[in-house]
Amino acid sequence: MFLKQLNRLRRSLAFRLTLWYAGIFSISAFLAFFFFYFLVIDVLRSQVDEDLNRQLRAFAGIMQVDGLEGVRRIALQETQAGGEAARLIRLLSRFGTEFSVSDQTYWRNIGVDSEAIRRLLTEGQPVFETIGIPDTGDSLRIIYGSIGPGIIMQLGQSLAPQMRLIQAFQRLFFFTMAAVIGLAAIIGWFLARRALSGVGDIARTARRITQGDLAVRAPVSRRGDEIDQLAGNINQMLDRILELITGIREMSDNIAHDLKSPITRIRGLAEVTLTTSEQVADYEQMGASTIEECDRLLDMINTMLVISRTEAGVQELAWQSVDMAALARDAVHLFETTARDKAIQLSVAANEPQHIHGDAPMLQRMVANLLDNAIRYSAQGGKVRVGVQAGSAGGVEVTFQDNGIGIQAEDTARIFERFYRCDPSRSQTGTGLGLSLAQAVARAHGGSITVRSEPGQGSTFRVILPFNADKIGEK
Ligand code: ADP
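Quick caveat, the model's predicted, so the values are computed rather than measured.

A.B. asks: Quick question: what am I supposed to make of the packing of helix 5 (residues 226-276) against helix 6 (residues 280-312) here?
C.D. replies: Pairs of packed helices are described in terms of their axes, by the angle between the two and the distance that separates them. With their axes 10 Å apart at the nearest point, helix 5 and helix 6 run at an angle of 170° to one another. Classified by the angle their axes make, helix 5 and helix 6 are roughly antiparallel. Each of Ile255, Asp258, Leu259, Pro262, Ile263, Arg265, Ile266, Leu269, Ala270, Thr273 and Leu274 in helix 5 lies in contact with helix 6, whose residues at this interface are Asp282, Tyr283, Met286, Ser289, Thr290, Glu293, Cys294, Arg296, Leu297, Met300, Ile301 and Met304. Among the residues making up the contact of helix 5 with helix 6, the classes are represented as 15 nonpolar, 3 polar and 5 charged.

A.B. asks: Even after reading the chapter, I still don't get the nonpolar core, so can you show me in this structure?
C.D. replies: Across soluble globular proteins, you tend to see nonpolar side chains buried next to one another. One finds Met324, Met366 and Leu371 to be the most contacted residues of the largest nonpolar core, which totals 52 residues. Of all the secondary structure elements, the ones that give two or more residues to this core are helix 6, helix 7 (324-341), helix 8 (360-376), strand 9 (383-390), strand 10 (396-402), helix 10 (434-444) and strand 12 (458-465). Tallying contributions element by element places helix 8 first for this core, with 9 residues. Ignoring anything within four residues of it in the chain, the contact list for Leu371 reads Ala331, Val332, Phe335, Leu346, Val384, Val386 and Phe400. If you look at the next biggest cluster of nonpolar residues, it comprises 17 residues, including Phe59, Ile62, Ile89 and Leu159.

A.B. asks: Would you mind going over unusual backbone geometry with me for this structure?
C.D. replies: Only a minority of non-glycine residues have a phi that is not negative, and only a minority of peptide bonds are not trans. The backbone of Ala343 sits at a positive phi, close to 55°, despite the residue not being glycine. Position of Ala343 relative to the elements: it lies in the loop between helix 7 and strand 7 (345-349). On the basis of relative accessibility, which here comes to 47%, the residue Ala343 falls in the partly exposed class.

A.B. asks: Can you walk me through the pairing of strand 12 in this structure?
C.D. replies: Here strand 12 lies mainly inside the structure; 6 of its 8 residues are buried. Here 7 bridges tie strand 10 to strand 12, and the two strands are oriented antiparallel to one another. By the bridge assignment, Thr399 is partnered in strand 12 with Arg462. Pairing between strand 11 (residues 448-454) and strand 12: 7 bridges, direction antiparallel. Within the sheet, the bridge partner assigned to Ile449 lies in strand 12 and is Val463. Turn length for the strand 11-strand 12 hairpin, with the two strands adjacent in sequence and antiparallel, is 3 residues, and the turn residue Gly456 shows positive phi of about 85°.

Thresholds, definitions, all that
- Residues numbered from 1 in each chain as written.
- Predicted model: local features only at pLDDT ≥ 70, side-chain atom pairs only at ≥ 80, totals over all residues.
- Heavy atoms only, no water.
- Axes fitted to C-alpha atoms, helices over the stretch in contact; angles between N-to-C directions.
- Helix = DSSP H or I, 4+ residues; strand = E, 2+ residues; numbered from the N terminus.
- Parallel < 35°, antiparallel > 145°, perpendicular 65-115°, else oblique.
- Contact = heavy atoms within 4.5 Å.
- Nonpolar A, V, L, I, M, F, W, Y, C, P; charged D, E, K, R; others polar.
- Core = buried A, V, L, I, M, F, W, Y, C linked by side-chain atoms within 4.5 Å.
- Buried < 20%, exposed > 50% of the residue type's maximum accessible area, 1.4 Å probe, protein only.
- Pairing = 2+ DSSP bridges.

Scope: geometric values only; no functional claims are made or implied.
As structure tokens, this is what we get:
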């Protein structure tokens, strides 16, 4: 259980971010400290060197004034005052022969570096070197310099005080580094948790959606950061998915309903005929009605297929030049009888030929659907006008104007959905597929259909088709 939790923690993004943060922070602190450490060592060494140089110059001055004896005397005083452990003073000839030397018990008889003397003589500059004393762990910084003609001084100073400072610095370094790593881990963990809290909320939302609650949404704070943008986008995506699911649900409900009614009718008629009729004519009537209902069903299923295929762009279209004006006049001619039955005044204004490239049978179906609607949703004695003219933005514009029942504003956005039928139309015959097909055809031709309607006053459907629809169709 504990191991499982540890494993989960190890894989978590917050843990990895914390590690990165603590790692980078600690390395930066380590580098800064290291740089500072070497700087301190360098400054300390230069101070010692400066000090040794100063002493050497002082002895050179004494040499000039009081000669070698004076130097010996002052050197003795110096070693006694500074403590024998701290100082080493040796006087040498230019060949390295010793004139005199301070007490060397502590320094374990440090010798003379002939190479250093050679360098001093050739370069004419004081030469420095550092010597470690293995038994005591102490170190000695030495300068070789000339203090008078043919007289070389070897001057040494213990580095013990500097070493103590450096050791104190090292201890401080380790403690500070431990504190820095600890602090970086705590701050890193806190920052990572804070930054990722939104991600956790989104993950929880996704889990609840998976469990079936499609209405939950990821919380969006007011910060407006990337996590909020992600949550906002996910919420928008969820809204869209819910909309599509509702649409599909409604559509399948509608399909089930629309298929159920004719099948129930066929079954009812068959049952009544079988139980009550003995006449052959009744059976013939039943057969005819069955065929009629089946034709309607097949027509509906075919229309659904055509809409799906056209919308998906897989419906083969026979591209050719089509005169929309002639096509509209023919359609009006076909519907004259239907219009006359309802005493509807049907007129067409399509005098100028208006050619576009398109699929004539599909365009005929589109025009027929729109014209059929205009007549069906108009009252007895109404007026329906079809107009074909050049579109204001190029292409052709076909309008279907009626003074029928009209459409409520909230329905106009939905009438192009498959199976959608406004409430007043439910009592009329129809499948709710006519406008979906019309819109699919218009879109397949690169065009569009818009509607303007006033309930009780009438509706105007406007189809806009571009000239070069074939180019769009070939894409
Ligand atoms: P339907 O087979 O029901 O006519 P459509 O897809 O052609 O299916 O139309 C969808 C709905 O839009 C119709 O049921 C009707 O409510 C509304 N509608 C379409 N055309 C008109 C119109 N000219 N006047 C009023 N309502 C209309």
